[in-house]
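A look at the structure
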Amino acid sequence: MKLKRVMLIAAVIVMAGVFTGCNKKEEKTEQPKVEKQEPEAEKTVGEVVEEPEIPVNQNLLTGLGDLSEEAIGKRPVAVMVNNVEKAMPQYGIGQADLIFEIPVEGDVTRFMALYGDYTKVPKICPIRSCRYYFPAISQGFDAFYVNWGIDETVSDYLKSLNMDQIEGITNTGGLFGRDQEKRNQGYALEHTGYFDGTKLPSYIEEKGLRTELKEDKKGPAFAFNGIEEQKKPSSSECTVVHIDFGSQSAAFTYDTEKMQYLKQINGNPQIDSVTGEQLGFTNVFVLETEISVRDDVGHKNLDWDGSTDAKGYYISNGGMQPITWSKEEGNENSYLTFYDESGNVLNINRGKSYIAFNYKDKTVFE
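**What about the overall build of the protein?**
- Helix and strand content of the protein: six helices and 24 strands.
- Carbon and sulfur atoms make up 49% of the accessible area of the protein, which totals about 18900 Å².

**Remarks on the pairing of strand β5 (residues 144-147)**
- Where burial is concerned, the two faces of β5 agree: the one with Phe 144 and Val 146 and the one with Tyr 145 and Asn 147 are both buried.
- Here strand β1 (residues 77-82) pairs with β5 via three bridges, running parallel. Opposite Val 77, over in β5, you have Phe 144 as the bridge partner.
- Relative to strand β6 (residues 165-167), β5 is paired through three bridges, and the arrangement is parallel. What sits directly across from Asn 147, in β6, is Glu 167.

**A few points about the pattern of salt bridges**
- Under the defined criterion, the tally for this structure stands at 14 salt bridges.
- Where Lys 231 meets Glu 229, a salt bridge forms, and the shortest distance between an N and an O atom there is 3.8 Å.
- What makes Lys 231 partly exposed here is its relative accessible area of 45%.
- The exposure class of Glu 229 is partly exposed, given its relative accessible area of 33%.
- Several salt bridges share partner residues, and in doing so they unite Arg 75, Asp 142, Asp 164 and Arg 210 into one network.

**Concerning the nonpolar core**
- Formed by 42 residues in total, the largest nonpolar core has its most connected members in Val 79, Ile 124, Phe 195, Ile 243, Phe 252, Ile 315 and Tyr 354.
- Residues in contact with Phe 195, not counting those within four places in the same chain, are Val 79, Val 121, Pro 122, Lys 123, Ile 124, Ile 127, Val 146, Leu 175, Phe 176 and Leu 200.
- Counting residues in each nonpolar core, the second largest holds 41 residues, with Leu 98, Met 112, Leu 287 and Leu 302 among its members.

**Brief notes about the sheet that holds strand β7 (residues 176-178)**
- Taken in spatial order, the three strands line up as β4-β8-β7 in an open sheet, and their pairing is antiparallel. Edge positions in the sheet fall to β4 (123-124) and β7, since each of these pairs with one other strand and no more.

**Notes on the environment of Pro 126**
- Tracing the backbone shows Pro 126 in the loop between β4 and α3 (133-138).
- Expressed as a C-alpha distance, the spacing of Pro 126 and Lys 182, which sit 56 residues apart in the sequence, is 9.8 Å.

**Comments concerning the confidence of the model for the protein**
- Per-chain confidence: the protein averages 89 in pLDDT, with 87% of residues scoring 70 or above.
- Within the model, pLDDT remains below 50 along residues 1-43, and this stretch shows six contacts once partners closer than five positions in the same chain are excluded.

**Observations concerning the pairing of strand β11 (residues 240-244)**
- In terms of strand pairing, β11 meets strand β12 (residues 249-255) through five bridges, oriented antiparallel. Residue pairing in the sheet places Asp 244 in a bridge with Ser 249 of β12.
- If you look at the hairpin formed by β11 and β12, you'll find four residues sitting between the two strands, and Gly 246 has a positive phi there, around 125°.
- By the bridge criterion, three bridges tie β11 to strand β24 (residues 363-365) in an arrangement that is antiparallel. Along β24, the bridge assignment pairs Val 241 with Phe 365.

**Some words on the environment of Ala 221**
- Tracing the backbone through its elements, the reader meets Ala 221 in the loop between α6 (200-207) and β9 (223-224).
- On the accessibility criterion, Ala 221 (9% relative accessible area) is buried.
- For the pair Ala 221 and Asn 59, spaced 162 residues apart in sequence, the C-alpha separation works out to 9.2 Å.
- Ignoring anything within four residues of it in the chain, the contact list for Ala 221 reads Leu 60, Leu 61, Phe 141, Tyr 335 and Leu 336.

**Quick word on the environment of Arg 178**
- Locating Arg 178 in the fold gives a position in strand β7.
- When the C-alpha atoms of Arg 178 and Thr 192 are compared, they prove to be 5.3 Å apart, with 14 residues separating the residues in sequence.
- The residues contacting Arg 178, other than those within four sequence positions of it, are Trp 148, Arg 183, Leu 189, Glu 190, Thr 192, Gly 193 and Tyr 194.
- Among the polar contacts made by the side chain of Arg 178, one reaches the main-chain carbonyl oxygen of Leu 189 at a distance of 2.6 Å.

**Some details on unusual backbone geometry**
- Geometrically, the link from Met 88 to Pro 89 is a cis peptide bond, its omega value of -5° lying close to zero.
- Residue Pro 126 is reached from Cys 125 by a cis peptide bond, and omega for that bond is 0°.
- The backbone phi angle of Met 259 is positive, close to 55°, even though this residue is not glycine.
- With respect to the helices and strands, the residue Met 259 is situated in the loop between β12 and β13 (260-265).
- Residue classification places Met 259 among the partly exposed positions, given a relative accessible area of 31%.
- Phi at Asn 317 is positive, roughly 55°, even though this residue is not glycine.
- Accessibility expressed as a relative area gives 16% for Asn 317, which makes it buried.

About the criteria used
- Residues numbered from 1 in each chain as written.
- Predicted model: local features only at pLDDT ≥ 70, side-chain atom pairs only at ≥ 80, totals over all residues.
- Heavy atoms only, no water.
- Helix = DSSP H or I, 4+ residues; strand = E, 2+ residues; numbered from the N terminus.
- Areas by Shrake-Rupley, 256 points an atom, 1.4 Å probe, with all protein chains shown as cover.
- Buried < 20%, exposed > 50% of the residue type's maximum accessible area, 1.4 Å probe, protein only.
- Pairing = 2+ DSSP bridges.
- Salt bridge = Lys/Arg side-chain N within 4 Å of Asp/Glu carboxyl O.
- Core = buried A, V, L, I, M, F, W, Y, C linked by side-chain atoms within 4.5 Å.
- Contact = heavy atoms within 4.5 Å.
- pLDDT = per-residue confidence, 0-100.
- Polar contact = N/O pair within 3.5 Å; in protein donor to acceptor, adjacent residues only side chain to side chain.

Quick look at the structure:
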């Protein structure tokens, strides 16, 4: 009965089109398509749902398709950034794809900001010096390493890494300078150094530095969920994270609209002064490890390679779960890998990530 009714309606429409065409010969008439309507249940039975394709320009640090064509298969850039309150506000860090925050002497912290696209690194300020455990981590991403100043007590170790280091004290490529506006505002000299990442591609070409990723680093840096998946860690609800590093703190509050954790430093929003936006991350990791003082200056020893039982926490999408983490023991070139409570490699949501290495039992989750 329904089929007859549909056919009758179709015939009427066709006849109407014919009569209309008599008056307007220039116009073509289109017959309506009569599609068979199936119940929703019939559509899904046995249906194969195809996963969206991974974009060719996938950023290996975030899993997002935002690399420029020139950066596909190319090395990322790791930049050391001053992160004490007297140096605020910073700029250029809002564009970082991955940020590590780790204590240095005096239990203040320093950032190592990673950029997946070496052609899009912005001007970044303030730049700061190297501590040995930062390049021990950056080597796992096969990254160019950018810093201004060095801990001379570990210079032999840094040489042994054979890394591509771009260093502000000795660099003559016009990549580094002092922010005059900050100097005019009375900032201490150590809080005014900048790195002009916009000049990096031409510098790399001029110096003939390797841009291609090593063969074993051409895959994603982490195991990511599907392109359109945003999974919630199942252990417990978590919308606020407080991290106590000793002399300063970090906190994150979940923004349900942005689906990001917005960062604070010592209770104040941490802002990129160029964009005016608060730092935000899809994923937050807190990795507990052994940290101790190794000399009179206060330089730290830090266990950067973890182990099968090194504890940590993964926070994303309003939830939290305990994890373990490790790099291959003593192998700086290995990936940093996360594991769930069953010992399986942890899949994480695609987007920007923040990773803190810190003392044990210094984090509160709400």
